[in-house]
Amino acid sequence: DAMVIQNPRYQVTQFGKPVTLSCSQTLNHNVMYWYQQKSSQAPKLLFHYYDKDFNNEADTPDNFQSRRPNTSFCFLDIRSPGLGDAAMYLCATSPRTDYYEQYFGPGTRLTVT
Amino acid sequence: DAKTTQPNSMESNEEEPVHLPCNHSTISGTDYIHWYRQLPSQGPEYVIHGLTSNVNNRMASLAIAEDRKSSTLILHRATLRDAAVYYCILRGAGGTSYGKLTFGQGTILTVHP
């Protein structure tokens, strides 16, 4: 089945140690989104790619970066994770930005020790 | 972004209908009303969306008030698998909002056997 895959499902990193989360999709969608969801909170958009065009939300910390080497893959890099970055990170895709549905992956739960 | 207001939690019994309300008094003429749900330990899942008319699909129905300042998601026969957080989201049609999803706090639905 076509889907959005996130690896790993659980990631533990140390305070200040760079970490990369990955997302892949078999839907061939042009748009890929990264959301952060802290415990008991709603998901919050960090940034999105439309094809190769990167769009950062105004309040996304500089500590968060993203790469999209091809249509299928997108990476979230956290350069120096702090304790406050512990969260679930959700990847979503869509054929285009005005399409009615976003397709979410299962998320990666990041723990910072 | 226009805001939505939902009850923090609701409860239902299995096989009974559930009506989940959402207020969006500042909705603009081009905002679509979207509903997503998030099951425990999963990413959000699209449920339904509408603009002005009531909508039905295999998962649910969406009833939209005539003035569009409120809407109700209707699950016709709740099952235990419907226990989730339900998010009511206003989504712009495009342009600078690029169709982004801005999640509110949502309603936690508990379904009793």
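Caption draft 1: Up close: the environment of Thr13 of chain A. Residue and element names in this part refer to chain A. Here Thr13 shows up in strand E2 (residues 10-13). Its relative accessible area of 6% is what places Thr13 among the buried residues. As a C-alpha pair, Thr13 and Phe73 span 60 residues in sequence and 22 Å in three-dimensional space. If near-sequence neighbours (up to four positions away) are discounted, Thr13 is found in contact with Pro18, Val19, Pro81, Leu110, Thr111, Val112 and Thr113.

Caption draft 2: Quick peek at unusual backbone geometry. Residues Asn7 of chain A and Pro8 of chain A are joined by a peptide bond in cis, for which omega reads -15 degrees. Mapped onto the elements, Pro8 of chain A comes out in the loop between strand E1 (4-7) and E2. Positive phi outside glycine occurs at Asp51 of chain A, with the angle close to 60 degrees. Inspection of the secondary structure assignment puts Asp51 of chain A in the loop between strand E5 (44-50) and strand E6 (53-56). We note that Glu15 of chain B has phi near 70 degrees; this positive angle belongs to a residue other than glycine. Structurally, Glu15 of chain B can be placed in the loop between strand E1 (9-13) and strand E2 (18-23).

Caption draft 3: Layout of the sheet that holds strand E3 (residues 19-25) of chain A. Residue and element names in this part refer to chain A. Spatially, four strands are ordered E1-E3-E8-E7 in an open sheet, and the strand pairing comes out antiparallel. Of all the strands in the sheet, just E1 and strand E7 (64-67) have a single pairing partner and so form its edges. Between one strand and the next, the sheet's axes are offset by a mean angle of 20 degrees, whatever the strand orientation. Direction of pairing for E3 relative to strand E8 (residues 73-78): antiparallel, over a ladder of six bridges. Within the sheet, the bridge partner assigned to Cys23 lies in E8 and is Cys74.

Parameters and conventions
- Residues numbered from 1 in each chain as written.
- Chains lettered and ligands numbered in written order.
- Predicted model: local features only at pLDDT ≥ 70, side-chain atom pairs only at ≥ 80, totals over all residues.
- Heavy atoms only, no water.
- Helix = DSSP H or I, 4+ residues; strand = E, 2+ residues; numbered from the N terminus.
- Buried < 20%, exposed > 50% of the residue type's maximum accessible area, 1.4 Å probe, protein only.
- Contact = heavy atoms within 4.5 Å.
- Pairing = 2+ DSSP bridges.
- Axes fitted to C-alpha atoms, helices over the stretch in contact; angles between N-to-C directions.

Read these as geometric descriptors, not functional statements.
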